[in-house]
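Okay, here's what each chain looks like letter by letter:
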Amino acid sequence: MKYDDVLNRQRQAIYEDRRQILEGDDISDQVHDFVEKTITAVTTEKLANVHPEEWDLEQLWTELQTLFPVSITVDELVDELGSRPTVEQVVEEVLSDSKIAYQKREDSLGSQVMRELERRVVLSVIDRRWRDHLYEMDYLKDGIGLRAMAQRDPLVEYQREGYALFQSMMGQIREDTTGYIFNIEVQIQQPTQQVGPIVSAKGLMDQAPQQNLSYSAPTADGDVEVRNQSGQVVQTPQAPAVSQTFQNQRTATQAPAPAQQGQPAQAAPAGVGAFGQRAAPPKGQPPAANRAQRRAAKRRKK
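Worth saying up front: this structure is predicted, and the values here are computed from it rather than measured.

A few words on the side chain of H133. As for its position among the elements, H133 is in helix α6 (residues 111–143). Filtering out sequence-adjacent residues up to four positions away, H133 remains in contact with Q10, G162, L165, F166 and M169.

With that settled, the discussion passes to the packing of aromatic side chains. All told, the structure shown has two aromatic pairs when counted by the stated rule. Geometrically, the ring pair formed by F68 and F182 is tilted, given 5.8 Å between the ring centres and 50 degrees between the ring planes. Here F182 lies in helix α7 (residues 154–183) and F68 lies in the loop between α3 (57–65) and α4 (74–81), a separation of 114 residues in the sequence. Judged by relative accessible area, which is 0%, F68 ranks as buried. For F182, a relative accessible area of 6% gives the class buried. With centroids separated by 5.7 Å and ring planes inclined at 85 degrees, the aromatic side chains of Y102 and F182 adopt a geometry described as edge-to-face. Taken together, the residues span a long stretch of sequence, with Y102 in helix α5 (residues 87–109) and F182 in helix α7 at a distance of 80 residues. Among the residues examined, Y102 registers a relative accessible area of 2% and is labelled buried. Three or more aromatic residues joined by ring pairs make a cluster, and in this case those are F68, Y102 and F182.

Attention now goes to a negative patch on the surface. Residues D56, E58, D75, E76, D79 and E80 make up a contiguous surface patch of negative charge. Element by element, the count of residues in the negative patch is highest for α4, at four residues. Positionally, E58 belongs in helix α3. What makes E58 exposed here is its relative accessible area of 52%.

Conventions and cut-offs
- Residues numbered from 1 in each chain as written.
- Predicted model: local features only at pLDDT ≥ 70, side-chain atom pairs only at ≥ 80, totals over all residues.
- Heavy atoms only, no water.
- Helix = DSSP H or I, 4+ residues; strand = E, 2+ residues; numbered from the N terminus.
- Contact = heavy atoms within 4.5 Å.
- Phe/Tyr/Trp six-rings, centres within 6.5 Å; stacked < 30°, edge-to-face > 60°.
- Buried < 20%, exposed > 50% of the residue type's maximum accessible area, 1.4 Å probe, protein only.
- Patch = residues over 30% accessible without salt bridge, like charges linked within 9 Å, V, L, I, M, F, W, Y side chains within 5 Å.
- Areas by Shrake-Rupley, 256 points an atom, 1.4 Å probe, with all protein chains shown as cover.
- Salt bridge = Lys/Arg side-chain N within 4 Å of Asp/Glu carboxyl O.
- Lys, Arg positive; Asp, Glu negative; His and termini not counted.
- Charge placed at Lys NZ, Arg CZ, Asp CG, Glu CD.

Below is the structure:
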């Protein structure tokens, strides 16, 4: 139970964020915070603990362009800050450029669409990264008992490493959100009187290809109906018409009906078995018409 408490606290934090998004709260400030933290982390990671003369700004710019459309060039940055800028100065210039790009994105889509895009992107990223995190926590729990061999408390190690995995997941959520917000292709359907604009984003959800599956099932009246993969009734097919050729074939191969009480049984067609196979009748004896007659014929042989 103590191991479950660790995951429950993480689940409460994630579900609280999801609840706010599903209720339609404005999360623009949260998204701006995601963008700022992501760009700051990427820039600091590339430049910190490195002498300014050894900075690879071209590589940094290449990585930043995967997150947002960088408009300032390396030469413009050097002209603005000089040949020996600090990490903080570079971060400030890059963040300023990202805010300009964000405002251009919102101006092109409109404020209402941008708010809806923010909600959909964050919700999709949280759901996907949370599922991956659950798999990692299960893997961690399966092997945490080995920590006892190193004279370590497995529960303490599980709490420590689980927290590290959770923080890593949050960083991935921030980075994925930043990339999607700036780069995802958005399609907008015009609003109607009943609903506002419908926003769809390509590549946002991992959707399986449409397979157009269908299945048939009996109805309460004994008929057969066809439903699509959403469970909607497509059609109620009627029994197909049987061609004259097939009717003749069925008549030739079909076993005769059992004899009625008080009436003699009808003989089966010569040379045809119960399932339509060719069978030669015994010599001097007509072929059996049904199971009862076949059994009687066997008893007479005995």
